Structures are given as structure tokens and as C-alpha cells.
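Each chain, letter by letter, is given below.
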Amino acid sequence: MTLTRAVTSAAFAFIAIYLASCSYQLLNPNSYHIYSKSQNIYTVNQSTPNVQWMSVQDSWIVATGDHGNGHWPLSCDDIVYAQCASVYKPCAWLPYALKKALTRPRIIYIPDNAIVVPGLVAHRCPCPCPGKRLHETASTEYRQFGSRYLSWYFPSTPLQRSLLFTDVVDLVKQYINSHPLIRDNRSRWVEGMGWDHIKWPGRAFPVASDLDQDPLLKGRPILLSRIDGHARWVSPTVLKMMGTLPEEVEGGDIIRDLTGKPTGVFVDNAMKLIPAPAWTNEQMEVYFKQTMEEALSNGLTSIHDAASEVSHIHFLKRKSENGELPLRLYLMGYSPKTDYWGHEIPRMINHGRHGRLTVRSVKLFSDGALGSWSAAMLRPYSDKPDTSGFMVASQRQLHKLIGQFHADGWQVNAHCVGDKANHVILDIFEDILHNGGNISEWRPRIEHAQILIPPDFERMGHLGVIASVQPTHATSDMWYAEIRLGSERIKTAYAYQTLLSSSTKNTIVLGTDFPVESVNPMLTFYAAITRLDVDGKSPHGPNGWFPEQRLTRSQALKGMTLDAAYASFAENERGSLTPGKKADFVLLDRDIMKVPVDEILKTKVLATVVDGQIMYGKL
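Because the structure is a prediction, the values reported are computed rather than measured.

A.B. asks: Hey, could you run me through the packing of aromatic side chains in this one?
C.D. replies: Applying the stated rule across the entire model yields 14 aromatic pairs. Relative to Trp-233, the ring of Trp-200 has its centre 6.2 Å away and its plane inclined at 70 degrees; by these criteria the two rings are edge-to-face. In this pair, Trp-200 sits in the loop between β10 (190-195) and β11 (222-226) while Trp-233 sits in strand β12 (residues 231-234), placing the two residues 33 residues apart along the sequence. Taking the centre distance of 4.7 Å and the plane angle of 50 degrees together, the rings of Tyr-340 and Phe-405 count as tilted.

Structure (C-alpha cells):
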């Protein structure tokens, strides 16, 4: 071989190896274009609400566009190349055409009838705690584990809410028989959630002896939470464990019979008296796995957990550090303590291997729930005039706690259902904001904001307090809410359009509140825009319950995406499909922004993407 040929061969070999090296860097499998011929990429970006294509580079959206701005999907290679050029400087000497070829991502064409929307957000519970519902159609691993937890209401099918008392007892029996470890050991606790006495004849609370009549149930510690989680029904065995009970509980109620004897139902703060054992790490593992799978299959890319106890936070902290969080978690720290507990909560922002865990807020409870007459009202209930509900903490206690959390830099999210609870919390927020509080830095939230007096709508909007609501609460409660509140108060209850119109930031956060309601965000969307039940019915007919409070489809989608991001300090990072934001999005099999409303609940999730990676389904 001549010297010239040897040099030439060596040069070609060097170039081939160098190009292979560059190709390895530039041909990134996490770079791709999403293309919709029908312009069905809904960005929730006011300036460009719909686009035909979106480019993803690693975990980020780097470009969006359509034919109208002169960019065809292949042409956006120029944009992607521009984003990558500074990163891949070793190949800067290569010809432009070759660099374009090396940086060209794949193109994913979505079906004409499918749509892409920003990642959807749900509110509630990735962590287990007593009273949180589990999956009854559990895996073999779960059944062998022998959890003590019963679920008769599977979150993704939220429509079977009419269980009678006898149905509940039968399902408890079925659960025990299907779990040998529980069946053969009467000391094991059986827990569950989902009963609703409002659906029963007479609408009376159950009693402990109801859980002791059947030989299979007799002598077992049984704890069953009401559907809203604000009342618990226990068996005689649990009552016996509790011993002598106090006459009264501040912020709670021990339901008693005519002789003063406890019946076995405990409301709000009185539930703390029940000696249920803490969840083990193994039980948390099972619950976590099932919740993550269920959330992703329903198109959720983020969960705002509205009450994470310290043990749950540390469990999820380990998960995040091990890279085991498949979606984003925004945790609201919670403790049943009445003294200040902010120092016990670890503060974390975008924590973990993938930066998907944040803890910068706390959850406080001001009252109970409408279904158990424990929501704090300014006037007595129309159907129970001997009570106006109650605050679970005094205004003085709440003011002290909220003031300290604000001073220490924690966002405060307050559970408020009744008009008194909302009024008291707004008084506290207003005082803090008028004494140096910065609304954009603090962003206090009212969770539920169900019943307000008219002046408090304007005050809430003027202060900039965020309303975080659950539209399915309206459609679940609409069959009895007017009986409970009367014909006048009901007009300012579940008033979502009024809350949005009053907001100076045009913001309302929509959530699912699972497991109280369904985990499926399509039900949230449907309830928000129709105010109908799943059969298309309401007390006011087919136009919906108080139809003037319906949200538009655009308002509802924004409330489930960008507004939810704002409420978690993440509006600059996610919530819309905008260049420079995280590539969190969902592919749905139909256009929920256009299809007839009766088709919305048939929607299927084709893919759920977090940080540009497919976590469920396929593209």
C-alpha cells in the first residue's frame, strides 16, 4: 500500500469514527416532532391556542408552529438544530446539510381525530393514609400481601355511588372472604371508604352494631370512612378499644343515641380518637404503585396531594431520589397537631433524580363537609336547624398558624366548604396580605370554596386568593344540596363561573379530589362544562344545575393545566405547550374541545408523556 493510499484510508477511517461519535450525540431518541394535520395540538397559550406541530428535545418543548407561519414539520429541523448547535460543538466544522441530517428528529403523526393537550393535573392523594381508598381489583401481589383495606368504589368508575347499607355489609364480607390472611385472623383491621348515608332510606348515620350482626364480621376491628372522608363508622370491637370517650371534641362530633351512648360514628376531629394502626412501608409501596399506574392511564402528569403527613413525604422523598416518580407530585404538608409544625416538613423544590417532587405548601382544615353537616355555616342548616356545623379550629388558632406558616415562607392551602369557614379564612388572608404579605410570592389557596356569601366572591378575587375547586362535587351533591342549604344559599354554592369572573388573574384551579371523587380528569372536565351527572341529568334539567355557573371548554382545560401550574408556582415551567416549558402532555383519542358532551366520558388516553418520555401508552 502506498503512503498516499494509507494516509487516505486513515483519514477516511478517522472521519467515519468522528461522524459516528457526532451521530451518537446528535441522533437523540428523545428528540421528536408531534404533527397534527388537523391542528389538534391545544397549547393553552392565548397567542397560539392551536398548532400543527410541536418539537421536543429531551424533556423540553423547543418549538411549535403550523403551515401559516411558513414552517412545515421538516423545516423545523432548523429550529431544533439551532437549539442543539451550542451543545454539540465538537461537530461544528461539519457541513450544515450534514448537521441537519444528524439532528433531524423523528416525526410522530397523530390520528386526525386525536388531540394533544398539556399534562393534566389532579388533586388529592398519592400516599396512603387511613380512609384513603384502594383498588379493589387488585393485583395478585396485592391480594397475597393481605392488605387490611377494602375498596368498594373503584376511582376510575365513579358512577356507582348508590350503595345501600346492606350492600356495604355484603361487600365487607366479600372482602374478608377474598383475603385469607384477614379472614383467618380476627385481630387484623379492615378499612374502607365509600359509604354515603344520604343514599340510604331515612338518611340516618349507621351504628356500630350494624357491623357485628353477621358471624363473619363479629369481633373484628372495622373502620369505614364516609365518601367525603369527614366521618368514620367503626365496629363494636373498635369502640371497646377506645375506652372512655370525652363528652365533647372541639372541632368534631361523637354521634350519640338518645341515651348519650356513642353510636360508632365519629366526625372530623373526633376521628382522631380512633386507634387505627399506622400504614407500613410495604402497604405504602403497594398503594403507591397502583396510584401511579391509575393516574398515568388517565392522563395525569401531576398530582397535588392535599394532605401529606411527614411519613408520606419521606416515603416519596426516597422514591424521588431513586428516580421512581413517574409523574410530578406537589405535596401539601399536613399534621393533626394543633401547635405549629412547619419545622417538621422538609422543604423541597423540583427534588430528586428527575426533579419531580416539590414540598413548599401546607394544608390546613377549617371545617368539615356538607354531607355530614360539619361544614361551618353562618346560619343553621335548612334540613337540620339545630346545627350550623363547626370550625375544626378556632379563628384565633387558625390566624396564629397561618401567620407563622406565612412568615416561614410556606404557601397555605385551606380546606373551606361552608360560608363561615370561607369567610373566616378570607379574613385571615386579608389581614396578612394587608400587613406586608405579597400575594404573588405567597399564593394562598382555598380548597373547595363551595359555599360563599356574595361579598366574599369579590373579596377573594380582589385579594388574589386562588380558588381550587372540584366540579364533580357539584354534580355529586346537587341532588341534596338545596335541601341542606335552602333556596337562597344554594345560589352562591359551587359557583365556579362566579369565582372565575371574580378572579383578577382569571384563574380557577380544577381538580378531581380523588379518592373522594373519580381520578378520571375527563369527569372533571365534563362536570365543569355541563353540570350534569353521567346520565345527562340534573335537578334543573338537561341544561345543567344552575347552568349559568358552567365553564366553557377552554376555561375548563386551562383550569386543569395552566391555572393548576400557577397554583403550584410552576406556570413558567409547565401548564401550556409553549417553547421553553417541560414536555408534559397527553394524547387523547378524540377532540374533547369539540365533540358532543355525551362523548366526553368515552375519551381514552392514548399516551401520557412526562419530561418528553412516554409513561403510559404509545405515540
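A.B. asks: Help me out: how do you make sense of the packing of helix α11 (residues 419-433) against helix α13 (residues 454-463) in this one?
C.D. replies: How two helices sit against one another is set out by the angle between their axes and by the gap between those axes. Packing of α11 against α13 leaves a shortest axis separation of 11 Å and a crossing angle of 35 degrees. Seen along the crossing, α11 lies across α13 with a hand that is left-handed. In contact with His-423, Leu-426, Asp-427, Glu-430 and Leu-433 of α11, α13 contributes Asp-456, Arg-459, Met-460 and Leu-463. Here the contact of α11 with α13 is composed, by residue class, of four nonpolar, one polar and four charged.

A.B. asks: Would you explain the packing of helix α10 (residues 395-407) against α11 in this entry?
C.D. replies: α11 packs onto α10 with a crossing angle of 40 degrees between their chain directions and a minimal axis gap of 10 Å. Relative to α11, α10 is oriented oblique. Here α10 runs over α11; the crossing is right-handed. Residues Gln-395, Leu-398, His-399, Ile-402, Gly-403 and His-406 of α10 touch α11, and the partners they reach there are Val-424, Ile-425, Asp-427, Ile-428, Phe-429, Asp-431 and Ile-432. Its residues assigned to classes, the contact of α10 with α11 comprises seven nonpolar, four polar and two charged.

A.B. asks: Help me out: how do you make sense of the pattern of salt bridges in this one?
C.D. replies: Any two side chains of opposite charge can pair, on the condition that their charged atoms come close. Going through the model one piece at a time under the given rule, you end up with 24 salt bridges. The salt bridge partner of Arg-226 is Asp-196, with a shortest N-O separation of 2.8 Å. A residue pair is termed long-range when its members are at least 10 positions apart, and Arg-226 in strand β11 and Asp-196 in the loop between β10 and β11 qualify at 30 residues. There is no split in this pair, since Arg-226 and Asp-196 are both buried. Note that Asp-563 is salt-bridged to Lys-558, the shortest N-O span being 2.6 Å. Judged by its relative accessible area of 3%, Asp-563 is buried. What you see here is one network of salt bridges that share partners, running through Arg-328, Arg-356, Lys-582, Asp-584 and Asp-611.

A.B. asks: Teacher, can you tell me more about helix α5 (residues 165-178) here?
C.D. replies: The periodicity of an α-helix, 3.6 residues per turn, causes residues three or four positions apart to be oriented the same way. The first and last C-alpha atoms of α5 sit 20 Å apart over 14 residues, in line with the 20 Å expected at 1.5 Å per residue. All of the buried residues in α5 are Val-168, Val-169, Val-172, Tyr-175 and Ile-176. Looking straight down α5, one finds that the buried residues subtend no more than 120 degrees of arc, so they occupy a single side.

Conventions adopted
Along each chain, the written sequence defines residue order, and numbers are assigned to residues from 1. Confidence filtering applies because this is a predicted model: local features only for residues at pLDDT of at least 70, side-chain atom pairs given and counted only at 80 or more, and all residues used for totals across whole chains, interfaces and linings. No hydrogens and no water enter the side-chain calculation; it runs on all heavy atoms of the structure. Two rings from Phe, Tyr or Trp (for Trp, the six-membered ring) form a pair when their centres sit within 6.5 Å of each other. Planes less than 30 degrees apart are called stacked, planes more than 60 degrees apart edge-to-face, and all others tilted. Put simply, DSSP H or I for four residues or longer makes a helix, DSSP E for two residues or longer makes a strand, and each gets a number counted from the N terminus. A fitted line through C-alpha atoms represents every axis, and for helices the fit uses only the stretch in contact; the resulting angles, taken between N-to-C directions, go from 0 to 180 degrees. A crossing counts as left-handed when the near helix is turned anticlockwise from the far one by less than a right angle, and as right-handed when that turn is clockwise. Contact between two residues is taken to exist if any of their heavy atoms lie within 4.5 Å; hydrogens are not considered. Nonpolar residues are Ala, Val, Leu, Ile, Met, Phe, Trp, Tyr, Cys and Pro. Charged residues are Asp, Glu, Lys and Arg, and all others, Gly as well, are polar. An angle counts as roughly parallel when it lies under 35 degrees, as roughly antiparallel when it exceeds 145, as roughly perpendicular when it falls between 65 and 115, and as oblique in every other case. By convention in these notes, a salt bridge is any Lys or Arg side-chain nitrogen within 4 Å of a carboxyl oxygen on Asp or Glu. Buried residues are those whose accessible area, probed at 1.4 Å on protein chains only, stays under 20% of the maximum for their type, while exposed residues exceed 50% and partly exposed ones sit between those limits. How far a helix is expected to stretch is found by multiplying one less than its residue total by 1.5 Å. Here the arc refers to the set of directions running from the helix axis out to each C-beta atom.

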